[in-house]
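# Reading the structure
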Amino acid sequence: MIIEPKTRGFICLTSHPTGCEKNVLNQIDYIKSKPSTTNGPKKVLVIGASTGFGLASRITSAYGSEASTIGVFFEKPPSEGRPASPGWYNSAAFETQAHKDGLYAKSINGDAFSHDIKAQTLQLIKEDLGEIDMLIYSLASPVRTHPDTGKRYKSVLKPIGDTFTNNTVDFHTGVVKEISIEPCSGDDIDNTIAVMGGEDWQMWIDLLKSENVLSKDFKTVAYSYIGPSLTEAVYRKGTIGKAKDHLEATAFKITDSLKDINGKGYVSVNKALVTQASSAIPVIPLYISLLYKVMKEEGIHEGCIEQIERLFNERLYAEDLQLDDAGRIRVDDWEMRDDIQAKVLELWKDATTETLPNIGDLEGYKTDFFNLFGFNVEGVDYDKDVNEMVAIPGLQ
Ligand code: NAD
Ligand code: NA
């Protein structure tokens, strides 16, 4: 079939297998272009492995240090005439290439929050790898059904206390306008912590530890975000920020629980990037389009793969983790540089529908957004008929 982008609000309902494949192969090429390491991870489980930072972590593990990888994700398979979700095609492309290159790569598609998917993953580790030396936790989900109680929690992206008013951009139309977001109420904070906090990460670790499948010197990393004062009210000091506080505190608990195997739990604070998760957050798209402009001009722009390559090779598997005061790894260091933030703040004051195309990188934002779904990818012929019924070769 011929597949075209079909957008609704912040999401794209279709995705393109060839474009997704090209994105994955480009990321593989990027990692292969870097010096290979001998001390990188060897047996890796990635939770949230199909898109964004999780996919980049899987690729960096596999092609940076020849790791065997198991990926867990929640993606929609294709049906006749209906394309799969992009993470499906990404995983198909990754596993196809990994198998060609003689790398072990298998995956499990389902709800990572459930006991059932955890049990299946444990079984697969036992059968195929024996143990793992790294677990990357890169879930981004709006909902979680608690596996013990069956209660379904919904996360919200709201400020705490006061209504937040600031500019945002509809990146499809380029219109910059003011929006107001009402403060959270009721159980919003607790619900958001239940979904995006650290409880599920800890559950994974507790299970795998109790079953003795974590190697000596095992490492686990979850991803967090901080961002500038501009977005603070809705992000870091909002409901999602409370969940990230909880996630960050969980890293220390995990380290405590892994003392006997010298295991370590870390949080890495990553840069703001266009992903399916971040395009749904108000204000962030305007911030990202200005940030991209400034960072590209300075020659320090990075995507997910560049971020994770730096995380592995210059932090996690390097001499010095360069932890901040709160014990976190920071690969948002370039985003947060004073000169970069000062420039973004200046531009922010001038950003209107008329000025944004010049002072911001709206085009870059849009390209990245469509790229997430395999569209507007360089070198792909979108007039060519494609088979939407692509299989993931290592799917269990
Ligand atoms: P993403 O939407 O690209 O990836 C989410 C992944 O989670 C996908 O693989 C998806 O299949 C999987 N997933 C979602 N629900 C699931 C479920 N119930 N069971 C199994 N898998 C499920 O998101 P991302 O932007 O890469 O975010 C990953 C992490 O990085 C998040 O913790 C996010 O807060 C953090 N982060 C994001 C940014 C950013 O700007 N995008 C910046 C810093 C940190
Ligand atoms: Na991810």
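See the structure above.
Note that this is a predicted model, so its numbers are computed, not measured. (Residues numbered from 1 in each chain as written. Chains lettered and ligands numbered in written order. Predicted model: local features only at pLDDT ≥ 70, side-chain atom pairs only at ≥ 80, totals over all residues. Heavy atoms only, no water.)

### Observations concerning the sheet that holds strand E5 (residues 105-109)
Put simply, the rule reads: Paired strands, in this sense, are two strands between which DSSP finds at least two bridges. Strands are runs of DSSP state E lasting at least two residues, helices are runs of H or I lasting at least four, and both sets are numbered from the N terminus onward. Between two residues, a contact is recorded if the distance between any of their heavy atoms is within 4.5 Å. Lines fitted to C-alpha atoms define the axes, with helix axes restricted to the stretch in contact, and inter-axis angles between N-to-C directions lie between 0 and 180 degrees.
Strand order in this open sheet of seven strands is E5-E4-E3-E6-E11-E12-E13, and the pairing throughout is parallel. In the strand order of this sheet, the two ends are held by E5 and strand E13 (329-330), each with one partner. Pairing of strand E6 (residues 132-137) with strand E11 (residues 214-224), which is carried by five bridges, proceeds in the parallel orientation. Bridge assignment links Tyr137 to a residue of E11, and that residue is Ala222. On top of the sheet, helix H8 (residues 239-257) reaches E11 and strand E12 (264-269); it is set at about 155 degrees to E12, its chief contact.

### Here's the deal with the environment of Ile205
Tracing the backbone shows Ile205 in helix H6 (residues 199-210). For the pair Ile205 and Ile254, spaced 49 residues apart in sequence, the C-alpha to C-alpha distance is 7.4 Å.

### Re empty space enclosed by the protein
Short version of the rule: A pocket here means an open set of points on a 1 Å grid, computed over the protein atoms alone, that has protein on both sides within 12 Å along at least five of seven lines. A cavity is instead a set of points where a 1.4 Å probe fits but cannot get out; residues with an atom within 4 Å of a point line either one. Grid points are joined across faces, edges and corners, and a volume is the space filled by probe spheres set on the points. Any residue outside Ala, Val, Leu, Ile, Met, Phe, Trp, Tyr, Cys, Pro, Asp, Glu, Lys and Arg is labelled polar, Gly included; the first ten of those are nonpolar and the last four are charged.
Counted by the stated rule, this structure contains one cavity of 30 Å³ or more. Taken as a whole, the largest cavity holds about 50 Å³ of empty space. Lining the largest cavity we find Thr37, Gly40, Pro41, Thr60, Gly64, Ser65, Phe312, Asn313 and Tyr317. Elements that contribute at least two residues to the lining of the largest cavity include exactly helix H2 (52-65) and helix H10 (304-316). In terms of residue class, the lining of the largest cavity is built from three nonpolar, six polar and no charged.

### Things to note about the site of ligand 1
Threshold: By convention in these notes, a residue is near a molecule or strand provided one of its non-hydrogen atoms lies within 4 Å of it. Residues adjacent in sequence count toward polar contacts only when both atoms are side-chain atoms; beyond that, a polar contact is any pair of N or O atoms within 3.5 Å, and within protein one must be able to donate a hydrogen and the other to accept it. The protein chains shown are the only cover counted for residues, whose accessible areas, like all others here, come from Shrake-Rupley with a 1.4 Å probe.
Close to ligand 1 lie 29 residues, the nearest being Ser50, Glu75, Ala112, Lys244 and Thr275. Within the backbone of Tyr223, a nitrogen or oxygen atom sits 3.3 Å from an oxygen atom of ligand 1. Look at ligand 1: alone it shows 840 Å² of surface, and the protein chains cover 92% of it. Among the elements of the structure, H2 and E11 are those that each provide at least two residues to the shell around ligand 1. Broken down by class, the residue content of the shell around ligand 1 amounts to 14 nonpolar, 11 polar and four charged.

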